[in-house]
Amino acid sequence: MAVISVEPIYECLALHKLLPECQKVGWNDFWNTDEWDFVVQRDRLGWELMASVSLYNDGKRLYVGLYCRERSAMDRCLEALAQHPEGNEVTYTSDMHARFTFTSDHDEALAAARKVVTFACEALADFGYQPGPLHGTPKSA
């Protein structure tokens, strides 16, 4: 442990879906979550995070999370996703957060979750949000 930090160990455990439950809870699912952020430019030098789409997959549980600071952006996302009913259950933890949970066969659920990520990212881009500096390209199904 004197040569490397603990981060590569967490990454390896998460990649192989072996991260202990206490680490998942302690890090709020950080190691098993991919995230796509959306921003708007507020002034010449500053960007502000307005929305994000996240895909959580620990090999057992699978869900897509939405965060939108503007209610109209959340509504736009939910309308787009309603046209593609891929998730088994939708829960709202606040006006700004929604979660799409998948319970079918893991491989089928992962393909469906990736579609939901793509549709949500497209809806946010259509709304006028721009991908943030750490925004990746969603993996296709």
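Remember, predicted model here, so these are calculated numbers, not experimental data. (Residues numbered from 1 in each chain as written. Predicted model: local features only at pLDDT ≥ 70, side-chain atom pairs only at ≥ 80, totals over all residues. Heavy atoms only, no water.)

Student: Where do I start with the nonpolar core in this structure?
Tutor: Most often, soluble globular proteins keep nonpolar side chains buried together rather than apart. Core analysis: the largest hydrophobic core is formed by 32 residues, its most contacted members being Val53, Leu55, Val64, Leu66, Phe102, Leu124 and Tyr129. Elements that contribute at least two residues to this core include exactly β1 (33–41), β2 (47–57), β3 (62–68), α3 (71–82), β5 (97–101) and α4 (106–127). Ranked by residue count, the leading element in this core is α4, at eleven residues. With sequence-adjacent residues up to four places away left out, Val53 is seen in contact with Asp34, Glu35, Trp36, Phe38, Val64, Gly65, Leu66, Val117, Ala120, Cys121 and Leu124. (Core = buried A, V, L, I, M, F, W, Y, C linked by side-chain atoms within 4.5 Å. Buried < 20%, exposed > 50% of the residue type's maximum accessible area, 1.4 Å probe, protein only. Helix = DSSP H or I, 4+ residues; strand = E, 2+ residues; numbered from the N terminus. Contact = heavy atoms within 4.5 Å.)

Student: Explain the packing of α3 against α4 here, please?
Tutor: A pair of packed helices is captured by two measures, namely the crossing angle of their axes and the spacing between those axes. Running from N to C, α3 and α4 point in directions that differ by 135°, and their axes come no closer than 9 Å. Between α3 and α4, the angle is such that the two are oblique. Read as a crossing pair, α3 and α4 show a hand that is right-handed. On α4, the residues touching Ser72, Ala73, Arg76, Cys77, Ala80 and Leu81 of α3 are Val116, Phe119, Ala120, Ala123, Leu124, Asp126 and Phe127. Of the residues that constitute the contact of α3 with α4, the class distribution is ten nonpolar, one polar and two charged. (Axes fitted to C-alpha atoms, helices over the stretch in contact; angles between N-to-C directions. Parallel < 35°, antiparallel > 145°, perpendicular 65-115°, else oblique. Left-handed = near helix turned anticlockwise from the far one by under 90°. Nonpolar A, V, L, I, M, F, W, Y, C, P; charged D, E, K, R; others polar.)

Student: Explain the sheet that holds β2 to me, please; I cannot follow it from the model alone.
Tutor: The strands that make up a sheet pair up through hydrogen bonds in the backbone, lying either parallel or antiparallel. Strand order in the open sheet made by the six strands is β4-β5-β3-β2-β1-β6, with antiparallel pairing throughout. Lying at the two open borders of the sheet, with one neighbouring strand each, are β4 (89–94) and β6 (130–131). In terms of strand pairing, β2 meets β3 through seven bridges, oriented antiparallel. In the sheet register, Ser54 faces β3, and the bridge partner there is Gly65. Strand contacts of α3: β3, β4 and β5, with the helix running at about 145° to β3, the strand carrying the most contacts. Here α4 sits on the sheet and contacts β1, β2 and β3; the angle it forms with β2, its principal contact strand, is near 170°. (Pairing = 2+ DSSP bridges.)

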